[in-house]
Amino acid sequence: MHAWPASEVPALPGKGRDLQIHDTATQGTITLAPGPVARIYVCGITPYDATHIGHAATYNAFDLVQRVWLDTKRQVHYVQNVTDVDDPLLERALRDGHDWTELAERETALFREDMTALRMLPPQHYIGAVEAIPGIVPLVERLRDAGAAYDLEGDVYFSVEADPHFGQVSNLDAEAMRLLSAERGGDPDRPGKKNPLDPMLWMAARPGEPSWDGGSLGRGRPGWHIECVAIALDHLGMGFDIQGGGSDLAFPHHEMGASHAQALTREFPMAKAYVHAGMVALHGAKMSKSKGNLVFVSALRRAGVDPAAIRLALLSHHYRDDWEWTDDVLAEAVARLERWRAAVSRPDGLPADGVVEEVREALSNDLDAPAALAAVDRWVDAQNTSDGDDESAPGLVSRTVDALLGVAL
Ligand code: 5CA
Ligand code: ZN
(Lines give C-alpha, C1' and ligand atoms only; values in the text may rest on other atoms or scores of the structure.)
(Ligands and ions follow the chains in the order given, each with its own letter.)
Protein backbone atom coordinates (compact mmCIF):
# COMPACT_ATOMS: atom_id res chain seq x y z
CA MET A 1 0.00 0.00 0.00
CA HIS A 2 1.22 3.51 -0.61
CA ALA A 3 1.52 5.90 2.33
CA TRP A 4 1.20 9.69 2.00
CA PRO A 5 3.59 12.47 0.99
CA ALA A 6 6.19 13.67 3.48
CA SER A 7 6.38 17.31 4.42
CA GLU A 8 9.93 18.60 4.43
CA VAL A 9 11.73 18.65 7.79
CA PRO A 10 14.08 21.64 8.03
CA ALA A 11 17.53 20.94 9.46
CA LEU A 12 18.33 22.87 12.65
CA PRO A 13 21.69 24.13 13.85
CA GLY A 14 23.47 21.78 16.27
CA LYS A 15 22.10 18.43 17.21
CA GLY A 16 19.16 17.14 19.24
CA ARG A 17 19.27 15.00 22.37
CA ASP A 18 18.61 11.29 22.76
CA LEU A 19 15.03 10.43 23.54
CA GLN A 20 14.03 9.45 27.05
CA ILE A 21 10.67 7.75 26.93
CA HIS A 22 8.26 6.02 29.27
CA ASP A 23 8.18 2.28 28.64
CA THR A 24 4.99 0.45 29.63
CA ALA A 25 6.86 -2.86 30.03
CA THR A 26 9.43 -1.71 32.58
CA GLN A 27 7.06 0.96 33.95
CA GLY A 28 9.81 3.55 33.92
CA THR A 29 11.58 6.06 31.72
CA ILE A 30 14.37 4.69 29.59
CA THR A 31 16.90 6.41 27.35
CA LEU A 32 16.81 4.98 23.87
CA ALA A 33 20.08 5.03 21.98
CA PRO A 34 19.25 3.60 18.56
CA GLY A 35 21.90 2.99 15.95
CA PRO A 36 22.15 5.19 12.85
CA VAL A 37 18.74 3.89 11.82
CA ALA A 38 16.06 4.03 14.51
CA ARG A 39 13.26 1.47 14.08
CA ILE A 40 9.63 2.06 15.03
CA TYR A 41 6.37 0.23 14.48
CA VAL A 42 3.12 2.10 15.11
CA CYS A 43 -0.21 0.32 14.91
CA GLY A 44 -2.40 1.79 12.19
CA ILE A 45 -6.13 2.30 11.89
CA THR A 46 -8.93 -0.14 11.30
CA PRO A 47 -10.46 1.79 8.41
CA TYR A 48 -14.20 1.57 8.98
CA ASP A 49 -14.70 5.20 9.92
CA ALA A 50 -12.84 8.49 9.52
CA THR A 51 -9.79 9.63 11.51
CA HIS A 52 -10.91 11.16 14.79
CA ILE A 53 -9.02 13.41 17.19
CA GLY A 54 -8.08 10.42 19.38
CA HIS A 55 -6.31 8.72 16.46
CA ALA A 56 -4.66 12.00 15.51
CA ALA A 57 -3.38 12.51 19.08
CA THR A 58 -1.79 9.06 19.11
CA TYR A 59 -0.14 9.52 15.70
CA ASN A 60 1.03 12.95 16.81
CA ALA A 61 2.97 11.36 19.70
CA PHE A 62 4.83 9.00 17.38
CA ASP A 63 5.43 11.74 14.86
CA LEU A 64 7.28 13.62 17.62
CA VAL A 65 9.40 10.53 18.24
CA GLN A 66 10.47 10.59 14.60
CA ARG A 67 11.22 14.31 14.69
CA VAL A 68 13.39 13.93 17.80
CA TRP A 69 15.33 11.11 16.15
CA LEU A 70 15.73 13.03 12.88
CA ASP A 71 17.08 15.96 14.90
CA THR A 72 19.75 13.61 16.35
CA LYS A 73 20.79 13.07 12.70
CA ARG A 74 19.53 9.52 12.60
CA GLN A 75 17.45 7.98 9.89
CA VAL A 76 14.10 6.58 10.92
CA HIS A 77 12.69 3.33 9.66
CA TYR A 78 8.98 3.60 10.35
CA VAL A 79 6.40 0.90 9.68
CA GLN A 80 2.64 1.15 10.08
CA ASN A 81 -0.17 -1.26 9.23
CA VAL A 82 -3.78 -0.88 8.15
CA THR A 83 -6.14 -3.48 9.62
CA ASP A 84 -8.07 -3.71 6.39
CA VAL A 85 -9.86 -6.92 7.28
CA ASP A 86 -11.23 -7.54 10.79
CA ASP A 87 -14.56 -8.09 12.57
CA PRO A 88 -15.48 -4.42 13.19
CA LEU A 89 -14.81 -3.49 9.55
CA LEU A 90 -16.87 -6.40 8.21
CA GLU A 91 -19.68 -5.65 10.67
CA ARG A 92 -19.81 -1.97 9.68
CA ALA A 93 -19.82 -2.81 5.95
CA LEU A 94 -22.65 -5.32 6.48
CA ARG A 95 -24.66 -2.85 8.60
CA ASP A 96 -24.41 -0.12 5.98
CA GLY A 97 -24.74 -2.38 2.94
CA HIS A 98 -21.26 -1.45 1.65
CA ASP A 99 -18.59 -3.58 0.08
CA TRP A 100 -15.97 -4.06 2.84
CA THR A 101 -13.03 -3.50 0.47
CA GLU A 102 -14.50 -0.22 -0.77
CA LEU A 103 -15.17 0.94 2.79
CA ALA A 104 -11.58 0.15 3.78
CA GLU A 105 -10.14 1.88 0.71
CA ARG A 106 -12.27 4.98 1.17
CA GLU A 107 -11.44 5.43 4.86
CA THR A 108 -7.75 4.70 4.30
CA ALA A 109 -7.66 7.36 1.58
CA LEU A 110 -9.25 9.85 3.97
CA PHE A 111 -6.75 8.91 6.68
CA ARG A 112 -3.89 9.64 4.26
CA GLU A 113 -5.38 13.07 3.54
CA ASP A 114 -5.77 13.81 7.24
CA MET A 115 -2.21 12.72 8.03
CA THR A 116 -0.88 14.84 5.17
CA ALA A 117 -2.83 17.90 6.31
CA LEU A 118 -1.54 17.44 9.87
CA ARG A 119 2.04 17.08 8.60
CA MET A 120 2.52 13.65 10.14
CA LEU A 121 5.60 12.05 8.60
CA PRO A 122 4.66 8.94 6.62
CA PRO A 123 5.93 5.41 7.29
CA GLN A 124 8.37 3.94 4.77
CA HIS A 125 6.27 0.79 4.75
CA TYR A 126 2.50 1.12 4.98
CA ILE A 127 1.12 -2.40 4.87
CA GLY A 128 -2.42 -3.73 4.80
CA ALA A 129 -3.44 -6.89 6.65
CA VAL A 130 -4.73 -8.38 3.41
CA GLU A 131 -1.44 -7.89 1.59
CA ALA A 132 0.41 -9.35 4.60
CA ILE A 133 -1.51 -12.66 4.53
CA PRO A 134 1.10 -14.58 2.47
CA GLY A 135 3.66 -13.71 5.17
CA ILE A 136 1.31 -14.48 8.06
CA VAL A 137 0.43 -18.05 7.06
CA PRO A 138 3.97 -19.47 7.40
CA LEU A 139 4.39 -17.79 10.79
CA VAL A 140 1.24 -19.46 12.11
CA GLU A 141 2.41 -22.78 10.66
CA ARG A 142 5.77 -22.37 12.38
CA LEU A 143 4.11 -21.59 15.72
CA ARG A 144 1.96 -24.70 15.35
CA ASP A 145 4.94 -26.87 14.42
CA ALA A 146 6.79 -25.58 17.49
CA GLY A 147 3.88 -26.49 19.79
CA ALA A 148 3.10 -22.82 20.48
CA ALA A 149 -0.28 -23.00 18.71
CA TYR A 150 -3.15 -25.47 18.56
CA ASP A 151 -6.28 -26.18 16.53
CA LEU A 152 -9.79 -25.69 17.84
CA GLU A 153 -12.65 -26.58 15.49
CA GLY A 154 -10.65 -25.42 12.48
CA ASP A 155 -9.43 -22.20 14.09
CA VAL A 156 -5.83 -21.89 15.30
CA TYR A 157 -4.99 -20.40 18.71
CA PHE A 158 -1.74 -19.19 20.19
CA SER A 159 -0.79 -20.69 23.52
CA VAL A 160 0.27 -17.86 25.83
CA GLU A 161 2.28 -20.37 27.87
CA ALA A 162 4.67 -20.68 24.91
CA ASP A 163 6.31 -17.37 25.84
CA PRO A 164 8.02 -17.25 29.26
CA HIS A 165 7.79 -13.46 29.11
CA PHE A 166 4.03 -13.35 28.58
CA GLY A 167 2.52 -10.61 30.77
CA GLN A 168 5.61 -8.43 30.84
CA VAL A 169 4.36 -5.76 28.45
CA SER A 170 1.19 -4.73 30.25
CA ASN A 171 1.99 -5.97 33.79
CA LEU A 172 -1.65 -6.83 34.52
CA ASP A 173 -3.01 -9.51 36.82
CA ALA A 174 -4.94 -12.50 35.47
CA GLU A 175 -8.37 -11.08 36.25
CA ALA A 176 -7.65 -7.73 34.56
CA MET A 177 -6.32 -9.56 31.51
CA ARG A 178 -9.42 -11.69 31.31
CA LEU A 179 -11.74 -8.69 31.46
CA LEU A 180 -9.79 -6.73 28.86
CA SER A 181 -9.52 -9.75 26.60
CA ALA A 182 -13.34 -10.05 26.53
CA GLU A 183 -13.68 -6.31 25.92
CA ARG A 184 -11.06 -6.02 23.18
CA GLY A 185 -11.68 -8.72 20.61
CA GLY A 186 -10.72 -11.85 22.59
CA ASP A 187 -12.96 -14.82 23.46
CA PRO A 188 -11.96 -15.95 26.98
CA ASP A 189 -15.19 -17.90 27.43
CA ARG A 190 -14.89 -20.11 24.36
CA PRO A 191 -14.87 -23.75 25.51
CA GLY A 192 -11.92 -25.92 24.55
CA LYS A 193 -9.18 -23.29 24.86
CA LYS A 194 -6.07 -24.26 26.81
CA ASN A 195 -5.93 -20.86 28.50
CA PRO A 196 -8.89 -18.45 28.35
CA LEU A 197 -6.51 -15.68 27.25
CA ASP A 198 -5.15 -17.55 24.22
CA PRO A 199 -5.77 -15.35 21.15
CA MET A 200 -6.72 -16.52 17.69
CA LEU A 201 -3.98 -16.69 15.08
CA TRP A 202 -6.05 -17.94 12.18
CA MET A 203 -9.83 -17.99 11.87
CA ALA A 204 -11.30 -20.68 9.63
CA ALA A 205 -13.52 -19.29 6.85
CA ARG A 206 -17.02 -18.33 8.03
CA PRO A 207 -19.99 -18.34 5.64
CA GLY A 208 -20.48 -14.97 3.96
CA GLU A 209 -17.09 -13.65 5.08
CA PRO A 210 -13.95 -13.15 2.99
CA SER A 211 -11.29 -15.84 3.28
CA TRP A 212 -7.85 -16.62 1.87
CA ASP A 213 -5.82 -19.70 1.15
CA GLY A 214 -4.01 -20.61 4.36
CA GLY A 215 -1.95 -23.58 3.11
CA SER A 216 -2.01 -26.28 5.81
CA LEU A 217 -4.21 -23.98 7.95
CA GLY A 218 -7.09 -24.20 5.49
CA ARG A 219 -9.04 -21.24 4.12
CA GLY A 220 -9.54 -18.41 6.57
CA ARG A 221 -8.26 -15.03 7.71
CA PRO A 222 -5.61 -13.88 10.17
CA GLY A 223 -6.08 -12.93 13.79
CA TRP A 224 -5.36 -9.34 14.76
CA HIS A 225 -2.09 -9.60 16.72
CA ILE A 226 -0.23 -11.83 14.25
CA GLU A 227 -0.96 -9.26 11.54
CA CYS A 228 1.20 -6.62 13.23
CA VAL A 229 3.88 -9.14 14.21
CA ALA A 230 4.26 -10.45 10.66
CA ILE A 231 4.58 -6.91 9.30
CA ALA A 232 6.97 -5.76 12.04
CA LEU A 233 9.26 -8.79 11.77
CA ASP A 234 9.27 -8.60 8.00
CA HIS A 235 10.29 -4.95 7.85
CA LEU A 236 12.08 -4.28 11.16
CA GLY A 237 13.19 -7.61 12.66
CA MET A 238 13.42 -8.31 16.41
CA GLY A 239 14.65 -5.82 18.98
CA PHE A 240 13.33 -2.72 17.25
CA ASP A 241 13.26 0.49 19.23
CA ILE A 242 9.59 1.34 19.76
CA GLN A 243 6.28 -0.47 19.48
CA GLY A 244 3.68 2.25 19.65
CA GLY A 245 -0.05 2.79 19.92
CA GLY A 246 -2.77 4.09 22.19
CA SER A 247 -3.00 2.79 25.76
CA ASP A 248 -5.94 0.58 24.77
CA LEU A 249 -3.48 -1.51 22.74
CA ALA A 250 -1.15 -2.42 25.64
CA PHE A 251 -3.36 -5.40 26.40
CA PRO A 252 -4.12 -7.63 24.65
CA HIS A 253 -2.69 -6.40 21.35
CA HIS A 254 0.91 -5.52 22.22
CA GLU A 255 1.18 -8.16 24.93
CA MET A 256 0.09 -10.89 22.52
CA GLY A 257 2.13 -9.50 19.65
CA ALA A 258 5.31 -9.52 21.74
CA SER A 259 4.61 -13.10 22.81
CA HIS A 260 3.97 -14.25 19.24
CA ALA A 261 7.26 -12.73 18.12
CA GLN A 262 9.22 -14.02 21.10
CA ALA A 263 7.82 -17.55 20.75
CA LEU A 264 8.64 -17.50 17.03
CA THR A 265 12.21 -16.27 17.31
CA ARG A 266 13.19 -17.32 20.86
CA GLU A 267 14.60 -13.84 21.17
CA PHE A 268 13.65 -11.22 23.75
CA PRO A 269 12.41 -8.53 23.66
CA MET A 270 10.49 -7.81 20.48
CA ALA A 271 10.78 -4.06 21.14
CA LYS A 272 13.07 -2.04 23.41
CA ALA A 273 10.20 0.20 24.49
CA TYR A 274 6.42 -0.18 24.43
CA VAL A 275 5.04 3.31 24.24
CA HIS A 276 1.39 4.16 24.78
CA ALA A 277 -0.54 7.37 24.27
CA GLY A 278 -3.42 8.37 26.54
CA MET A 279 -7.04 8.32 25.42
CA VAL A 280 -8.86 11.38 24.17
CA ALA A 281 -12.44 11.70 25.36
CA LEU A 282 -15.48 13.62 24.18
CA HIS A 283 -18.38 14.42 26.53
CA GLY A 284 -16.80 12.40 29.31
CA ALA A 285 -16.23 9.13 27.42
CA LYS A 286 -13.32 7.80 25.38
CA MET A 287 -13.75 8.81 21.75
CA SER A 288 -14.49 5.56 19.98
CA LYS A 289 -15.92 4.39 16.72
CA SER A 290 -18.11 1.90 18.51
CA LYS A 291 -19.66 4.61 20.75
CA GLY A 292 -19.85 7.18 17.97
CA ASN A 293 -18.80 10.17 20.16
CA LEU A 294 -16.33 11.43 17.60
CA VAL A 295 -14.77 14.62 16.31
CA PHE A 296 -13.36 13.91 12.88
CA VAL A 297 -10.21 15.61 11.61
CA SER A 298 -11.75 15.80 8.13
CA ALA A 299 -14.91 17.46 9.49
CA LEU A 300 -12.84 20.14 11.24
CA ARG A 301 -10.87 20.70 8.04
CA ARG A 302 -14.08 21.01 6.02
CA ALA A 303 -15.34 23.54 8.54
CA GLY A 304 -12.28 25.65 7.72
CA VAL A 305 -10.13 24.92 10.78
CA ASP A 306 -6.43 25.29 9.95
CA PRO A 307 -4.75 21.87 10.37
CA ALA A 308 -1.87 23.67 12.11
CA ALA A 309 -4.35 24.70 14.83
CA ILE A 310 -5.56 21.10 15.19
CA ARG A 311 -1.96 20.05 15.57
CA LEU A 312 -1.32 22.71 18.23
CA ALA A 313 -4.42 21.52 20.09
CA LEU A 314 -2.99 17.98 20.16
CA LEU A 315 0.41 19.28 21.26
CA SER A 316 -1.09 21.20 24.18
CA HIS A 317 -1.55 17.89 26.06
CA HIS A 318 1.11 15.48 27.21
CA TYR A 319 0.86 12.34 25.12
CA ARG A 320 0.53 10.04 28.12
CA ASP A 321 -2.35 11.94 29.69
CA ASP A 322 -5.97 11.10 29.08
CA TRP A 323 -7.72 14.32 28.09
CA GLU A 324 -10.98 15.73 26.88
CA TRP A 325 -11.54 17.45 23.53
CA THR A 326 -13.58 20.66 23.95
CA ASP A 327 -14.27 23.76 21.90
CA ASP A 328 -11.98 25.66 24.29
CA VAL A 329 -9.03 23.39 23.50
CA LEU A 330 -9.42 24.25 19.83
CA ALA A 331 -10.08 27.97 20.45
CA GLU A 332 -6.88 28.24 22.51
CA ALA A 333 -4.91 26.56 19.76
CA VAL A 334 -6.35 28.90 17.12
CA ALA A 335 -5.36 31.91 19.24
CA ARG A 336 -1.86 30.51 19.88
CA LEU A 337 -1.34 29.91 16.16
CA GLU A 338 -2.27 33.53 15.45
CA ARG A 339 0.16 34.84 18.10
CA TRP A 340 2.97 32.64 16.84
CA ARG A 341 2.38 33.63 13.21
CA ALA A 342 2.38 37.32 14.13
CA ALA A 343 5.68 36.90 15.99
CA VAL A 344 7.55 35.11 13.20
CA SER A 345 6.20 37.38 10.47
CA ARG A 346 8.20 40.33 11.83
CA PRO A 347 11.44 41.00 9.92
CA ASP A 348 13.66 40.68 13.00
CA GLY A 349 13.38 39.84 16.65
CA LEU A 350 14.83 38.58 19.91
CA PRO A 351 17.62 35.99 19.69
CA ALA A 352 16.13 32.49 19.48
CA ASP A 353 18.99 30.00 20.00
CA GLY A 354 17.65 29.33 23.49
CA VAL A 355 14.23 28.44 22.07
CA VAL A 356 15.71 25.68 19.90
CA GLU A 357 17.47 24.16 22.91
CA GLU A 358 14.42 24.43 25.17
CA VAL A 359 12.15 22.74 22.64
CA ARG A 360 14.76 20.01 22.14
CA GLU A 361 15.07 19.48 25.87
CA ALA A 362 11.30 19.34 26.40
CA LEU A 363 10.71 16.79 23.64
CA SER A 364 13.62 14.56 24.58
CA ASN A 365 12.12 14.43 28.08
CA ASP A 366 9.33 11.90 27.37
CA LEU A 367 7.92 14.05 24.55
CA ASP A 368 6.86 16.92 26.80
CA ALA A 369 5.06 18.88 24.09
CA PRO A 370 3.27 21.25 26.52
CA ALA A 371 6.69 22.33 27.84
CA ALA A 372 7.86 22.83 24.25
CA LEU A 373 4.83 25.03 23.54
CA ALA A 374 5.53 27.01 26.72
CA ALA A 375 9.12 27.66 25.54
CA VAL A 376 7.89 28.99 22.20
CA ASP A 377 5.16 31.00 23.97
CA ARG A 378 7.80 32.77 26.11
CA TRP A 379 9.77 33.84 23.04
CA VAL A 380 6.60 34.82 21.16
CA ASP A 381 5.23 36.91 24.05
CA ALA A 382 8.54 38.74 24.47
CA GLN A 383 8.88 39.14 20.71
CA ASN A 384 5.39 40.59 20.34
CA THR A 385 6.06 43.24 23.01
CA SER A 386 9.67 44.27 22.43
CA ASP A 387 12.12 45.34 19.75
CA GLY A 388 14.78 42.78 18.97
CA ASP A 389 17.12 43.20 16.02
CA ASP A 390 18.21 39.63 15.29
CA GLU A 391 17.28 39.15 11.65
CA SER A 392 17.67 35.38 11.77
CA ALA A 393 15.47 34.85 14.85
CA PRO A 394 11.95 34.69 13.31
CA GLY A 395 13.13 32.20 10.67
CA LEU A 396 14.89 30.06 13.26
CA VAL A 397 11.78 29.85 15.45
CA SER A 398 9.68 29.05 12.42
CA ARG A 399 12.03 26.25 11.37
CA THR A 400 12.19 24.88 14.92
CA VAL A 401 8.42 24.74 15.21
CA ASP A 402 8.21 23.08 11.80
CA ALA A 403 11.03 20.56 12.31
CA LEU A 404 10.29 19.51 15.88
CA LEU A 405 6.56 20.08 16.27
CA GLY A 406 5.29 19.60 12.71
CA VAL A 407 3.55 22.98 12.70
CA ALA A 408 3.91 25.21 9.63
CA LEU A 409 3.77 28.88 10.59
N1 5CA B 1 -5.89 -1.40 13.72
C2 5CA B 1 -5.74 -1.46 15.13
C3 5CA B 1 -4.28 -1.45 15.55
S4 5CA B 1 -3.36 -2.71 14.74
C5 5CA B 1 -6.47 -0.32 15.84
O6 5CA B 1 -6.42 -0.27 17.05
N7 5CA B 1 -7.09 0.54 15.05
S8 5CA B 1 -7.96 1.79 15.60
O9 5CA B 1 -8.42 2.47 14.40
O10 5CA B 1 -8.94 1.34 16.50
O11 5CA B 1 -7.00 2.72 16.37
C12 5CA B 1 -5.86 3.30 15.76
C13 5CA B 1 -4.96 3.93 16.83
O14 5CA B 1 -5.65 5.01 17.46
C15 5CA B 1 -4.57 2.96 17.95
O16 5CA B 1 -3.23 3.20 18.35
C17 5CA B 1 -5.50 3.33 19.07
O18 5CA B 1 -4.95 3.03 20.36
C19 5CA B 1 -5.63 4.83 18.87
N20 5CA B 1 -6.88 5.37 19.44
C21 5CA B 1 -8.15 4.93 19.22
N22 5CA B 1 -9.06 5.68 19.91
C23 5CA B 1 -8.33 6.62 20.58
C24 5CA B 1 -8.66 7.69 21.48
N25 5CA B 1 -9.92 7.95 21.84
N26 5CA B 1 -7.66 8.45 21.98
C27 5CA B 1 -6.36 8.21 21.63
N28 5CA B 1 -5.97 7.21 20.78
C29 5CA B 1 -6.95 6.43 20.27
ZN1 ZN C 1 -1.38 -3.38 15.68
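Quick notes on the rules
Residues numbered from 1 in each chain as written. Chains lettered and ligands numbered in written order. Predicted model: local features only at pLDDT ≥ 70, side-chain atom pairs only at ≥ 80, totals over all residues. Heavy atoms only, no water. Domains from an automatic or database assignment. Contact = heavy atoms within 4.5 Å. Buried area = accessible area lost by both parts, 1.4 Å probe. Salt bridge = Lys/Arg side-chain N within 4 Å of Asp/Glu carboxyl O. Core = buried A, V, L, I, M, F, W, Y, C linked by side-chain atoms within 4.5 Å. Buried < 20%, exposed > 50% of the residue type's maximum accessible area, 1.4 Å probe, protein only. Helix = DSSP H or I, 4+ residues; strand = E, 2+ residues; numbered from the N terminus. Donors = N, O, S within 2.8 Å, 3.2 Å for Na, K, Ca; no water. Pairing = 2+ DSSP bridges. Axes fitted to C-alpha atoms, helices over the stretch in contact; angles between N-to-C directions. Near = heavy atom within 4 Å. Polar contact = N/O pair within 3.5 Å; in protein donor to acceptor, adjacent residues only side chain to side chain. Areas by Shrake-Rupley, 256 points an atom, 1.4 Å probe, with all protein chains shown as cover. Phe/Tyr/Trp six-rings, centres within 6.5 Å; stacked < 30°, edge-to-face > 60°. Expected span 1.5 Å × (residues − 1). Bend = angle between axes of the 7 residues up to and from the residue. Parallel < 35°, antiparallel > 145°, perpendicular 65-115°, else oblique. Left-handed = near helix turned anticlockwise from the far one by under 90°. Nonpolar A, V, L, I, M, F, W, Y, C, P; charged D, E, K, R; others polar.

Thoughts on the domain arrangement of the protein chain
So, step 1. Along its sequence, the protein chain is carved into domain 1 (19-277) and domain 2 (307-405).
So, step 2. Centre-to-centre separation of domain 1 and domain 2, based on C-alpha positions: 34 Å.
So, step 3. Counting from both sides, the interface comprises 22 residues of domain 1 and, opposite them, 20 residues of domain 2.
So, step 4. Together domain 1 and domain 2 conceal approximately 1,900 Å² of surface at their shared face, both sides included; 60% is due to carbon and sulfur atoms.
So, step 5. Residue R311 pairs with D63 through a salt bridge whose shortest N-O separation is 2.6 Å.

A look at the nonpolar core
So, step 1. Grouped together as the largest cluster of nonpolar side chains are 79 residues, with contacts concentrated most on I53, I242 and W325.
So, step 2. The element that contributes the greatest number of residues to this core is helix α1 (residues 53-71), accounting for 10 residues.
So, step 3. Discounting residues that sit within four places of it in the chain, I53 has contacts with V280, M287, V295, V297, L300, I310, L314, W323 and W325.
So, step 4. With 56 residues, the next largest nonpolar core counts Y41, W100, A263 and M270 among its residues.

Some remarks on the coordination of the zinc ion (ligand 2)
So, step 1. Taken together, C43 (SG), C228 (SG) and H253 (NE2) make up the protein donors of the zinc ion (ligand 2), found 2.1 to 2.2 Å from the metal.
So, step 2. Sequence positions of the donors to the zinc ion (ligand 2) reduce to the motif C-x184-C-x24-H. Residue C43 is located in the loop between β3 (37-42) and α1, and its partner H253 is located in helix α7 (residues 250-265); the two are separated by 210 residues in the primary sequence.
So, step 3. C43 gets classed as buried once you look at its relative accessible area, which sits at 5%.

Digging into the sheet that holds strand β6 (residues 149-152)
So, step 1. Ordered by their spatial adjacency, four strands build an open sheet running β6-β7-β8-β9, and the pairing between neighbours is antiparallel. A strand with exactly one partner marks an edge of an open sheet, and here the two such strands are β6 and β9 (220-222). In this sheet, adjacent strand axes meet at a mean angle of 20 degrees when their direction is disregarded.
So, step 2. Sheet analysis places strand β7 (residues 155-158) next to strand β8 (residues 200-204), joined by two bridges and oriented antiparallel. Looking at the pairing, V156 lines up with W202 of β8.
So, step 3. Contacting β6, β7, β8 and β9, helix α4 (residues 129-145) runs over the sheet at an angle of about 110 degrees to β8.

Comments concerning the site of ligand 1
So, step 1. Residues in close proximity to ligand 1 total 24 residues, the closest being G44, T58, T83, D248 and K289.
So, step 2. Between ligand 1 and T58, the relevant distance is 2.8 Å, taken from a nitrogen atom to a side-chain nitrogen or oxygen of the residue.
So, step 3. Protein contact buries 94% of the 600 Å² of open area that ligand 1 shows by itself.
So, step 4. Taken together, the elements giving at least two residues each to the shell around ligand 1 come down to α1, α6 (224-235) and β10 (240-246).
So, step 5. Broken down by element, the residue count for the shell around ligand 1 peaks at four residues, all from α1.

Things to note about the packing of aromatic side chains
So, step 1. Tallying each qualifying case throughout the model produces six aromatic pairs.
So, step 2. A ring pair is formed by W4 and Y126, whose centres lie 5.5 Å apart and whose planes are at 85 degrees; its orientation type is edge-to-face. Taken together, the residues W4 in the segment before β1 (20-23) and Y126 in strand β5 (residues 125-128) connect sequence positions 122 residues apart. Just as W4 is buried, Y126 falls in that class too.

Some details on α4
So, step 1. Relative to the 24 Å expected for 17 residues at 1.5 Å per residue, α4 spans 23 Å between its end C-alpha atoms, a close match to the ideal helical length.
So, step 2. The largest bend along α4 reaches roughly 45 degrees and is located at G135, with the proline P138 sitting one to four residues downstream.
So, step 3. When α4 is considered as a whole, its buried residues turn out to be A129, A132, I133, I136, V137, L139, V140 and L143.
So, step 4. G147, located one to two residues past α4, shows a positive phi value of around 80 degrees.

Points about the packing of helix α11 (residues 353-364) against helix α12 (residues 369-383)
So, step 1. Direction vectors running N to C along α11 and α12 enclose 165 degrees, while the axes themselves pass 7 Å from each other. Our classification of the angle between α11 and α12 gives roughly antiparallel. In terms of crossing hand, the pair formed by α11 and α12 is right-handed. Within the contact between the two elements, α11 uses V355, E358, V359, A362 and L363 and α12 uses A369, A371, A372, A375, V376, R378 and W379.
So, step 2. Across the contact of α11 with α12, the residue classes tally to 10 nonpolar, no polar and two charged.

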